[in-house]
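So you can see what is in the structure, the chains are spelled out below.
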Amino acid sequence: MSSNSTHYVAPTRTETVVVDQLRLSEKKSNLWLDAWRDLRRRPTFWISIVFSLLIIVMAVAPTLFTSVAPSGGACDLAKSNGGPEAGHPLGFTYLGCDIWSRVVHGTSISMSVGVLATVISTVIGLIMGTLAGFYGGFLDSLLSRVGDIFFTIPYIVAAVVVMSVLAEYKNVFVLALAIGGFSWASTARIARAEVLRVKQSDYVTASISIGLSRFRTLLSHVIPNAMAPVIVVTTLGLGTAIVAEATLSFLGVGLGGVSWGADISQAQSSIRTAPFALLWPSLALTISVLAFITLGELLRDAVDPKSRAQR
């Protein structure tokens, strides 16, 4: 090449363009933080939270809301199906008991049975679903078929049979076991599906590859990361369990006594002459179930990425 040849060189001065920049001040994020940021902007979330907390406080400390006994000597037959009066804002039942007091104290039984039945159902469903989904094979087939059997049994009918057989042993635990012991199949299906998804993750594979046992991997990594849909279905199940308790009390196989279902059953005979005796416990049951189901629906939408993407 000749020494006189002209050389063309690109300009050495270039501008630096920031293609990607790490923003250290950006807030950390995860599933539950994203769900909270979504939920706190919804008025229905706060309304359901307020009603849920009110119901829980009423169940734990009913004397904060009324000083009148719901039954016994506080009932006066002379006031049978009477209207509201001072100190008795909702009137009286057929037996002359204060309706407001019975509504307040009935919350305790409904919430106690509902919470305990939901815990029993969730624990059984979580155990069955996680074992089936994580270990697979014969165990998966066996537990899935057992779940299918329980899924086809109407748990209300099963609870009626159990409470009829165990009529001499009626208490909160037996009633909750009759409800929760037959309503866990849907929770097991959801837990199994989520475990099948989570166990394919890289961190689960890495945990097993470094020598952690499969059972410890299940407890440490799989279950914590598969709990979101289970928590959602548990919230929804609480409302369903409260309805189940009221249904059993209405049918006469529940605990009886001070209960929304029992009051609805007793008031149906006088619905034409005293409809408010039926209205108020029914309204309390409706509000309670609606509050928990609405909370569960909102929580399900918040933790589901597909639902967030569609909005």
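**Looking at the overall build of the protein chain**
- A count of helical and extended segments in the protein chain gives 13 helices and zero strands.
- Sequence-ordered secondary structure for the protein chain, helices as α and strands as β, is α-α-α-α-α-α-α-α-α-α-α-α-α.
- Looking at the protein chain residue by residue over its 311 residues, the buried ones come to 40%.
- For the protein chain, the share of sequence-separated contacts (at least 6 apart) that also reach a separation of at least 24 residues comes to 69%.
- For the protein chain, the exposed area adds up to about 17,800 Å²; of that, 65% sits on carbon and sulfur atoms.

**A word on unusual backbone geometry**
- In this structure, N81 takes a positive phi of about 55° despite not being glycine.
- Tracing the backbone through its elements, the reader meets N81 in the loop between α2 (43-60) and α3 (99-135).
- N81 gets classed as partly exposed once you look at its relative accessible area, which sits at 24%.

**Remarks on the confidence of the model for the protein chain**
- In the predicted model, the protein chain carries a mean pLDDT of 83, and 87% of its residues have values of at least 70.
- Counting contacts from residues 16-22, a segment whose pLDDT is below 50, to residues more than four positions away or on other chains yields zero contacts.

**A look at the environment of G114**
- Within the element layout of this structure, G114 appears in helix α3.
- Sequence separation between G114 and A246 is 132 residues, and the spatial gap between their C-alpha atoms is 9.8 Å.
- Once residues lying within four places of it in the same chain are set aside, the contact partners of G114 are L238, A241 and I242.

**Digging into the nonpolar core**
- Within the largest apolar cluster, 19 residues are counted, with the highest numbers of intra-cluster contacts made by M111, I242, W260, L285 and F292.
- Every element with two or more residues in this core is listed here: α2, α3, α10 (227-250), α11 (260-267) and α12 (276-303).
- No other element matches α12, which puts seven residues into this core.
- With sequence-adjacent residues up to four places away left out, F292 is seen in contact with S52, I55, M111, T235, L238, G239 and I242.
- Judged by nonpolar contacts, the second largest core, of 14 residues, contains V113, I120, A159 and L248.

**As for the state of the cysteines**
- Taken as a whole and judged by the stated rule, the model has one disulfide.
- The disulfide bridge from C75 ends at C97, spanning 1.9 Å between sulfur atoms. A torsion of 105° about the S-S bond marks the disulfide between C75 and C97 as right-handed. Note that C75 is positioned in the loop between α2 and α3 and C97 in the loop between α2 and α3, a separation of 22 residues in sequence.
- Taking the relative accessible area as the measure of exposure, C97 reaches 4% and is therefore buried.

**A look at the packing of α3 against helix α9 (residues 214-225)**
- Where α3 contacts α9, the axes come no closer than 12 Å and their chain directions differ by 115°. Viewed along their axes, α3 and α9 adopt a mutual orientation that is roughly perpendicular. Two packed elements cross with a definite hand, and for α3 against α9 that hand is right-handed. Packed against α3, whose contacting residues are T130, L131, F134 and Y135, the element α9 presents R214, F215, L218, V222 and I223 at the interface.
- Tallied by class, residues from the contact of α3 with α9 come to seven nonpolar, one polar and one charged.

**Considering the packing of aromatic side chains**
- A full pass over the atoms with the stated rule returns seven aromatic pairs.
- Centroid distance F150 to F182: 5.8 Å. Interplanar angle 40°. Geometry classified as tilted. A residue pair is termed long-range when its members are at least 10 positions apart, and F150 in helix α4 (residues 137-152) and F182 in the loop between α6 (172-180) and α7 (185-198) qualify at 32 residues.
- With a relative accessible area of 23%, F150 lands in the partly exposed category.

Thresholds, definitions, all that
- Residues numbered from 1 in each chain as written.
- Predicted model: local features only at pLDDT ≥ 70, side-chain atom pairs only at ≥ 80, totals over all residues.
- Heavy atoms only, no water.
- Helix = DSSP H or I, 4+ residues; strand = E, 2+ residues; numbered from the N terminus.
- Buried < 20%, exposed > 50% of the residue type's maximum accessible area, 1.4 Å probe, protein only.
- Contact = heavy atoms within 4.5 Å.
- Areas by Shrake-Rupley, 256 points an atom, 1.4 Å probe, with all protein chains shown as cover.
- pLDDT = per-residue confidence, 0-100.
- Core = buried A, V, L, I, M, F, W, Y, C linked by side-chain atoms within 4.5 Å.
- Disulfide = S-S within 2.5 Å.
- Axes fitted to C-alpha atoms, helices over the stretch in contact; angles between N-to-C directions.
- Parallel < 35°, antiparallel > 145°, perpendicular 65-115°, else oblique.
- Left-handed = near helix turned anticlockwise from the far one by under 90°.
- Nonpolar A, V, L, I, M, F, W, Y, C, P; charged D, E, K, R; others polar.
- Phe/Tyr/Trp six-rings, centres within 6.5 Å; stacked < 30°, edge-to-face > 60°.

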